Each structure stands twice: as structure tokens, then as C-alpha cells.
Amino acid sequence: MDIVMDLLRLLASVVIAVMAGRLIAKLNLPPILGWLIAGMILGPYALNLLSDSVLEATWLEAAESLLECVFGLMIGTEMIWKEMKKAGLSILVTTVTESLGTFVVVSLVFGVIFAVTGVPLYLAFMFGGIALATAPAPSLSVVNTLKTDGPVTRTLIPMAALDDLVGALVFFLVIAFVSAHILTAGVPVTVVLFLVFLPVLIGIVTGFVTGKLLQHTKRPGTTLAVMVLMLLVSAGIGFAINSMLSTPVLNFMLIGMSFSTVFANMVTEEQLAGMMKVMNPVIGFAMVVVILKLAAPLDYHLIFGAGIYTAVYIVARAIGKYSGAYFGAAVTHAPRTVKKYLGFTLLPHSGVSLVFTGIAVSVLQGPAPECAQIIQGTIAAAAVINEIIAVFVAKKGFEWAGELYQAKGGAPA
């Protein structure tokens, strides 16, 4: 009975969030802003419709992982090799420069502050490791709902996946070195690297098998059934491996992304278009649930209690993202709009940052509880404030680039 009530609470929250998104859209703003606000209002710190019992339910964790896998289809099916070859080097270089640029700027700024205030310097590198993560869902939601298309959009979509890889790699390397430094149970670097890239390997293998199967299907219904079945197999492998780990760390969005990237490059355009026509509404539903799960645990009271560290973190991260993206686009001679506006679409942050923060806090809690408190309070407040600001800024970035409603059928209603 409890599960049924929790499920009804979730479904009611989805309906409310969709309505809030439509209301926000009437103000010519991205619907995701309505989903984020609805999530915070419906969460444990306000109306409590999405209570802790719902958010912490095992079935919702599993459902969210599966939906993240589905959401990965949106990224992967856009990564068609013959199209990416035209700008492949530019995308790769810009991903590295905006990620590492953010890490350097945030680490440097907090390094100076902590050197003056007497806080351990390793905490500055942990802030930098958390800061370089980008939450792709908000910006990709703007892409999906406002039908953007153009150089910035086509650069952002593959970058969303690559950014997760670079972010996870740098963060876990920082965690491994900090763990060794403060004499806690360190994580071997080889294990860290394996866990970062394992979701991609899973997706590549299952995606290749799927592509081979789809090359022999003729009917649209059979094609869709094979793809969905293999997507479930991919997620199932992820669940099985996660269950064997002490802390579930596999990124299911990367599984879905790599899975769909491989098979999308092995099937005909007609097959891919037919599958995505059916899957797009499912991806839309997945977006709403993932954003709700992201926003509900955020305490809006933190906005009023945010301190100087939060303000410094938000500004330093924004400078790092923008300048890093600008530099990467400039040295690779990317289009002018990419150079000027891509950085604005990379500011959404909270999903991955909160996961990273939880891991950092668990490492620091025993040997350095005061550092754990600093990092937890700063990032939690920044997640609430930055996410609302970032959705506005991402939308403006696409608007300034002239890419709103440029996709097929993208004229505003």
C-alpha cells in the first residue's frame, strides 16, 4: 500500500510539474524552470508531496536510473559520426578546455581564500572537481522544448556526454588523491578509471549487438521492440554491476548515450527517425521525472542563508566555464556564435554536483568534519541559486545565438 501511495504522489507531482512548465512557457521561458520550481515546492522542505519516503524509495532510484538511460537516447542518437567528423576536433578540444578551465579557476580562487583563512588547501581542489561537472538535463531540455538548432546546439549535444566523462574522471582522481592525503581508505586510481569508463563500455557492447540485430529487422514495430528490449538489457547490466559495488556509482545516462550512439550509426535514417518518433514523448516524461528528483531535495531556505563561499563559487564557476569554452572554440576556429554563446549553455550544474558533493562529504566526514560542512553547505546553496539562474542564462544563450525554434517543426505555438 505504501508503494502505491508513493507512486500516486509521484504521478501527481509529474502532472503538477508539467502544468507548471506549461505556465512558465506562456511567459516565453523554458518549461524546465517550472519543473524545477515545482520540484522544490513539492519536496520535503515545502509541501512534502514528494516526501523523503518517495525520494529515498528503492523503486524510484531504479526507475530514475532507467529513465536516465532513456534520456541518454536523446544525446546518443544525435551523435552521428558522419556529422560529428565535421566538428569532432573542435568539440573534443572545447570540452577539455571548458572543463579544465573551470577546475583551474575555481581551485585557484578557493586556494587563495583558503590560504588566507587557514582552511586546508585540498578542499579547494575538491571544489574545483565538483565545479567542472555540467548537468546536461536542463540545457538539453531547453533544446528539446524550444526546438533549438544551429552551431551552438550541435556542439552542446555531444559535449553533454563528453563533459560527464571528463568531469567524472577529474573528480574521482581528485577524490583518490585527497583520500590518500588525509589517510582515509583511498580509492585505487585504476579502479576509479575503470568505474568512470565502464558505463561507456557497457553501452558500446550492447549498442553494437543492437545495431547488428536492427540491420536485419524490416518492420518498424520490430525495430522499436528490439531497441527497447536491448535498452532494458543495457540498464539491467548496469543494475547488476551497481549491486556488486559498495556505493552505486555507474552513470546510466552514459550507458544510454553510448548504447544509442553505436546503434544510431549502424541503422538507416528511416529506422532511426521511426524509433525516435515513438521514443520522444518517453524522453520528455523521463526529463520531467529526473528534474523533479533533482529539485525536490533542494532546500529553498538555503537561498536566504547562502554565504560568501556560495557567491564566490557560482561566479568563479561561471567565469571558468565561459572562458574555457571561449578559448577552446577560438583555438579550433569554431563558428562565432559557438565562441560567444556556448559558455552560457554550460552553466546548469546541480544534478551531477550534488552526487559529487555526497561522495566528497562521505570522504571528509570522519577525518575533517568541518571541511565536509563547508563543502556541503556551499554546494547545496549554489545548486538552488545557480540552477534557477542557469536556465535563464542557457535560454538567453540560445536566443542570442539565433537558434530558438530553428529545428524542424520548431515554430512557436
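For the structure itself, consult the block above.
Attention here is on the structure that accompanies the text. (Residues numbered from 1 in each chain as written. Predicted model: local features only at pLDDT ≥ 70, side-chain atom pairs only at ≥ 80, totals over all residues. Heavy atoms only, no water.)

### Description of unusual backbone geometry
Unusually for a residue other than glycine, asparagine 48 sits at a positive phi of about 65°. Looking at the secondary structure, you find asparagine 48 in the loop between helix H2 (31–42) and helix H3 (52–55). Of note in the backbone geometry, histidine 333 takes a positive phi value of approximately 55° without being a glycine. Tracing the chain through its elements places histidine 333 in the loop between helix H15 (308–331) and helix H16 (336–341). Looking at histidine 333, the relative accessible area reads 72%, which means it is exposed. (Helix = DSSP H or I, 4+ residues; strand = E, 2+ residues; numbered from the N terminus. Buried < 20%, exposed > 50% of the residue type's maximum accessible area, 1.4 Å probe, protein only.)

### Section: the nonpolar core
Counting 81 residues, the largest nonpolar core has Leu73, Leu140, Met227, Phe263, Met275, Ile283 and Leu342 as the members making the most contacts within it. With 14 residues, helix H13 (residues 269–295) is the single largest residue contributor to this core. Residue contacts for isoleucine 283: discarding those within four places in its chain leaves Val70, Phe71, Leu73, Met74 and Met276. Residues Phe103, Ala131, Val174 and Val312 belong to the second largest nonpolar core, which totals 40 residues. (Core = buried A, V, L, I, M, F, W, Y, C linked by side-chain atoms within 4.5 Å. Contact = heavy atoms within 4.5 Å.)

### A closer look at the side chain of serine 107
When you line up the elements, serine 107 lands in helix H6 (residues 88–117). Accessibility expressed as a relative area gives 8% for serine 107, which makes it buried. With residues near it in sequence (within four places) discarded, serine 107 still touches Ala124, Phe125 and Gly128.

### Brief notes about the environment of isoleucine 374
Mapped onto the elements of the fold, isoleucine 374 is located in helix H18 (residues 369–400). Considering only alpha carbons, one finds isoleucine 374 and threonine 310, 64 residues apart in sequence, at a separation of 9.9 Å.

### Re H15
For an α-helix the count is 3.6 residues per turn, leaving residues at separations of three or four pointing the same way. Counted at 1.5 Å a residue, the expected span for H15 with its 24 residues is 34 Å, and the 34 Å between its end C-alpha atoms agrees. Of the residues making up H15, those classed as buried are Thr310, Val312, Tyr313, Ile314, Ala316, Arg317, Gly320, Lys321, Gly324, Ala325, Gly328 and Ala329. Histidine 333 sits one or two positions beyond H15 and adopts a positive phi of about 55°. (Expected span 1.5 Å × (residues − 1).)

### Some details on the environment of leucine 347
By the secondary structure assignment, leucine 347 is in the loop between H16 and helix H17 (350–364). In this structure leucine 347 comes out as buried when scored by relative accessible area, which is 11%. Residues leucine 347 and isoleucine 314, spaced 33 residues apart in sequence, show a C-alpha to C-alpha distance of 9.3 Å. Aside from chain neighbours lying at most four places away, what touches leucine 347 is Arg317, Ala318, Lys321, Asn386, Ala390 and Val393.

### Topic: the packing of helix H4 (residues 58–76) against helix H11 (residues 220–243)
Remark: H4 packs on H11, axes separated minimally by 10 Å, with the N-to-C direction vectors making an angle of 130°. With respect to their mutual orientation, H4 and H11 come out oblique. Both H4 and H11 take part in a crossing whose hand is right-handed. Facing Ala62, Ser65, Leu66, Cys69, Val70 and Leu73 of H4, the residues of H11 in contact are Met227, Leu231, Leu232, Ala235 and Phe239. (Axes fitted to C-alpha atoms, helices over the stretch in contact; angles between N-to-C directions. Parallel < 35°, antiparallel > 145°, perpendicular 65-115°, else oblique. Left-handed = near helix turned anticlockwise from the far one by under 90°.)

### Re the packing of aromatic side chains
Applying the stated rule across the entire model yields 15 aromatic pairs. Ring plane angle 45° and centroid distance 6.2 Å describe the contact between tyrosine 341 and tryptophan 400, whose orientation is recorded as tilted. With tyrosine 341 in helix H16 and tryptophan 400 in helix H18, the pair connects residues that are 59 residues apart, well separated along the chain. By relative accessible area, tyrosine 341 is classed as buried at 13%. (Phe/Tyr/Trp six-rings, centres within 6.5 Å; stacked < 30°, edge-to-face > 60°.)

### Here's the deal with the packing of H4 against helix H12 (residues 252–264)
At their nearest, the axes of H4 and H12 sit 6 Å apart, and the two run at 40° to each other. When the interaxial angle is binned, H4 and H12 end up oblique. In the packing of H4 onto H12, the handedness of the crossing is right-handed. For the pair H4 and H12, contact is made by Ser65, Glu68, Cys69, Phe71, Gly72, Leu73, Ile75 and Gly76 and by Phe252, Met253, Ile255, Gly256, Met257, Phe259, Ser260, Thr261, Phe263 and Ala264, respectively. Looking at side-chain class alone, the contact of H4 with H12 contains eleven nonpolar, six polar and one charged residues. (Nonpolar A, V, L, I, M, F, W, Y, C, P; charged D, E, K, R; others polar.)

### A look at empty space enclosed by the protein
Applying the stated criterion across every chain, the model contains one cavity of 30 Å³ or more. Estimates place the volume of the largest cavity at around 50 Å³. Lining the largest cavity we find ten residues, and of these Thr134, Leu156, Met159, Ala160 and Leu346 sit closest to its centre. Of all the secondary structure elements, the ones that give two or more residues to the lining of the largest cavity are helix H8 (136–145) and helix H9 (151–181). Tallying contributions element by element places H9 first for the lining of the largest cavity, with four residues. Across the lining of the largest cavity, the residue classes tally to six nonpolar, three polar and one charged. (1 Å grid on protein atoms, 1.4 Å probe; cavity = no way out; pocket = protein on both sides within 12 Å on 5 of 7 lines; lining within 4 Å. Points joined across faces, edges and corners; volume = space filled by probe spheres on them.)

### Here's the deal with a nonpolar patch on the surface
Taken together, the side chains of Val4, Met5, Leu7, Leu8, Leu11 and Phe285 present a nonpolar region at the surface, about 520 Å² in accessible area. A per-element tally of the nonpolar patch places helix H1 (residues 2–25) first, with five residues. Looking at the element boundaries, phenylalanine 285 is found in helix H13. You can call phenylalanine 285 partly exposed: its relative accessible area is 38%. (Patch = residues over 30% accessible without salt bridge, like charges linked within 9 Å, V, L, I, M, F, W, Y side chains within 5 Å. Areas by Shrake-Rupley, 256 points an atom, 1.4 Å probe, with all protein chains shown as cover. Salt bridge = Lys/Arg side-chain N within 4 Å of Asp/Glu carboxyl O.)

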